[in-house]
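Chain residues, written in single-letter form:
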Amino acid sequence: MRSRRRHTWSNWAGNVTDSAETLAPRTPEEVAEAVRSAAGEGRRIRPVGSGHSFTAVAQADDLRLDLHHLSGIVSADRHTGRVRVLAGTPLRVLNQALDWLGLAMPNLGDIDAQTLAGATSTGTHGTGAGLPGLAAGIVGLRLVTPDGQERWVDESDPELFGAARVGLGALGVVTEIELACLPAYRLRAVESPDELDAVLPRIQEFFDAHRHFEMYWFPGTRRVQTKANDLVPDEVDEPLPEWRRRLDDELLSNTVFGAVNRVLAHVPRAVLPFNAVAARALSQRSYTAVSHEVFVTPRTVRFVESEYAVPREAVADVLTDLHAWVERRREPISFPVEVRVAAPDDIWLSTGHERANAYVAVHQHVRGADPTAYFAAFEEIVAAHAGRPHWGKLHTLDAERLSTLYPRHGDFVALRDRLDPDRVLANDYLDRVLGP
Ligand SMILES: Cc1cc2nc3c(=O)[nH]c(=O)nc-3n(C[C@H](O)[C@H](O)[C@H](O)COP(=O)(O)OP(=O)(O)OC[C@H]3O[C@@H](n4cnc5c(N)ncnc54)[C@H](O)[C@@H]3O)c2cc1C
């Protein structure tokens, strides 16, 4: 396996860079060989997916393991829905392949650019009161541990299975994942403009009434947009007219929104009034499509993001406090706040570990006003509700604080000590959130 020269790598948002040497193994055996020789030479190595984490979780300071060659479906059983997938498969490739097999992921987040292992390793989730994050759909995975040994991990090894599904790339390199998929299904999406005061008091009811429910609130206003997705029979086909899809998703959400954000970066005082105009421009729309097309939206406008999970019953308090802070400070925040929900799971470092959560996400345009004060105020608000940060989204918590939020944090650290005593897979982010 040839290594590529050092070049500057950057994550999607452009806020994390490094210049590590890159290895691009073509097979799981080459992955094991790369890890073994890094360990033997006393070097550090980091697996990387699509670089869609906002935190430095994927940053490499010595060697980077780029897994884009490990892409595709290894085997599939259409009757049981069990599908084995190579770890570097981008979700958009996976969704298409599952479509052809008549299968689908039970849930997805907003985008499909992540790799399967990258998404599951940080606890990526979608929305749905009855649906946990993507990693909860893993029934087994092939792991190359830091000593370069390969092993299959499933519920027969509850400790490692509990830890490795959301492993932050700290316990080994995942080369293959077996997923429990569903028969392909169609959804109707109903998107409606509304008032915060009307939705917030009933948000628990809305969470429970729909297979998927999410809300976008426009800071500086009391306007929201809700999106509810529910199952429809296969024969129901009421697509959005192509012109409407292009106008809403490509033009208004991306092209115009991007241009406006570039202008607003120079006139911060115009941001909140612009939100009022943008929120008023939203209109009702409804359409049906195959599940992954309903979940995923193109995102071409670059932003930075922080997201916390709070017990779902705390969501109204969090939004009320955040609204009060924005009103007080009038910070120029040009992106809506996203609110979602998810079911609990049993994965050690999952934000959903044994807790039904609401997720609140704050964003700021990459060239917009400095988000430090906004994100800090948000962190202070969610801290009062034992908020757990998304591992791939900006936060400032360290191992000491995280150990109070995740009951199995200490067990994860102990397992890491056993599997990676020499810290072959470490980086600065892991040192902060797990300890050196
Ligand atoms: C525009 C945008 C939208 C997003 N939407 C959502 C959303 O809706 N819901 C949500 O929860 N999150 C969302 N995210 C966050 C994103 O899903 C996560 O940060 C995810 O981890 C990114 O996947 P990736 O393939 O880019 O992985 P990377 O960011 O490259 O890596 C993430 C972690 O996975 C590890 N890793 C990668 N491959 C392997 C492997 N083979 N073995 C072991 N470890 C590995 C890396 O070491 C690193 O620790 C979004 C991010 C962006 C930029």
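Residues numbered from 1 in each chain as written. Predicted model: local features only at pLDDT ≥ 70, side-chain atom pairs only at ≥ 80, totals over all residues. Heavy atoms only, no water.

### Some words on the nonpolar core
Consideration 1: Grouped together as the largest cluster of nonpolar side chains are 98 residues, with contacts concentrated most on Leu 179, Met 215, Leu 319, Trp 391 and Leu 434.
Consideration 2: Residues within four places of Met 215 in sequence aside, it is in contact with Leu 196, Val 199, Leu 200, Ile 203, Val 224, Gln 225, Thr 226, Leu 319, Val 337, Glu 338 and Val 339. (Core = buried A, V, L, I, M, F, W, Y, C linked by side-chain atoms within 4.5 Å. Buried < 20%, exposed > 50% of the residue type's maximum accessible area, 1.4 Å probe, protein only. Contact = heavy atoms within 4.5 Å.)

### Topic: the environment of Tyr 406
Consideration 1: Along the chain, the position of Tyr 406 falls in the loop between α12 (399-405) and α13 (409-419).
Consideration 2: Look at Tyr 406 and you get buried, because its relative accessible area is 0%.
Consideration 3: Taking the C-alpha atoms as reference, Tyr 406 lies 40 Å from Pro 233; in sequence the two are 173 residues apart. (Helix = DSSP H or I, 4+ residues; strand = E, 2+ residues; numbered from the N terminus.)

### Quick look at the sheet that holds strand β18 (residues 303-311)
Consideration 1: Judged by pairing direction, the sheet is antiparallel, and its 8 strands sit side by side in the order β17-β14-β16-β15-β19-β20-β18-β21 without closing on themselves. Here the strands that pair on one side only, and so sit at the sheet edges, are β17 (285-290) and β21 (388-389).
Consideration 2: Strand direction decides the pairing type here: β18 and β21, joined by 2 bridges, are antiparallel. If you follow Ala 309 over to β21, its bridge partner there is Arg 388. (Pairing = 2+ DSSP bridges.)

### Examining the domain arrangement of the protein chain
Consideration 1: The assigned domain composition of the protein chain is domain 1 (73-183) and domain 2 (186-389).
Consideration 2: Facing 28 residues of domain 1, the contacting portion of domain 2 comprises 29 residues.
Consideration 3: In total, about 2,400 Å² of surface goes out of reach between domain 1 and domain 2, with carbon and sulfur atoms giving 56% of it.
Consideration 4: Between domain 1 and domain 2 we count 3 salt bridges in total.
Consideration 5: Taking the shortest distance from any N to any O, the salt bridge between Arg 299 and Asp 110 comes out at 3.3 Å. (Domains from an automatic or database assignment. Buried area = accessible area lost by both parts, 1.4 Å probe. Salt bridge = Lys/Arg side-chain N within 4 Å of Asp/Glu carboxyl O.)

### A look at the UniProt feature "domain: FAD-binding PCMH-type" (unreviewed entry) in the protein chain
Consideration 1: Here, UniProt's "domain: FAD-binding PCMH-type" (unreviewed entry) annotation points to residues 15-184.
Consideration 2: Between the end C-alpha atoms of residues 15-184 the distance is 37 Å, and the span holds 22% helix and 28% strand. (UniProt positions renumbered as here; feature names shortened; annotations may be inferred.)

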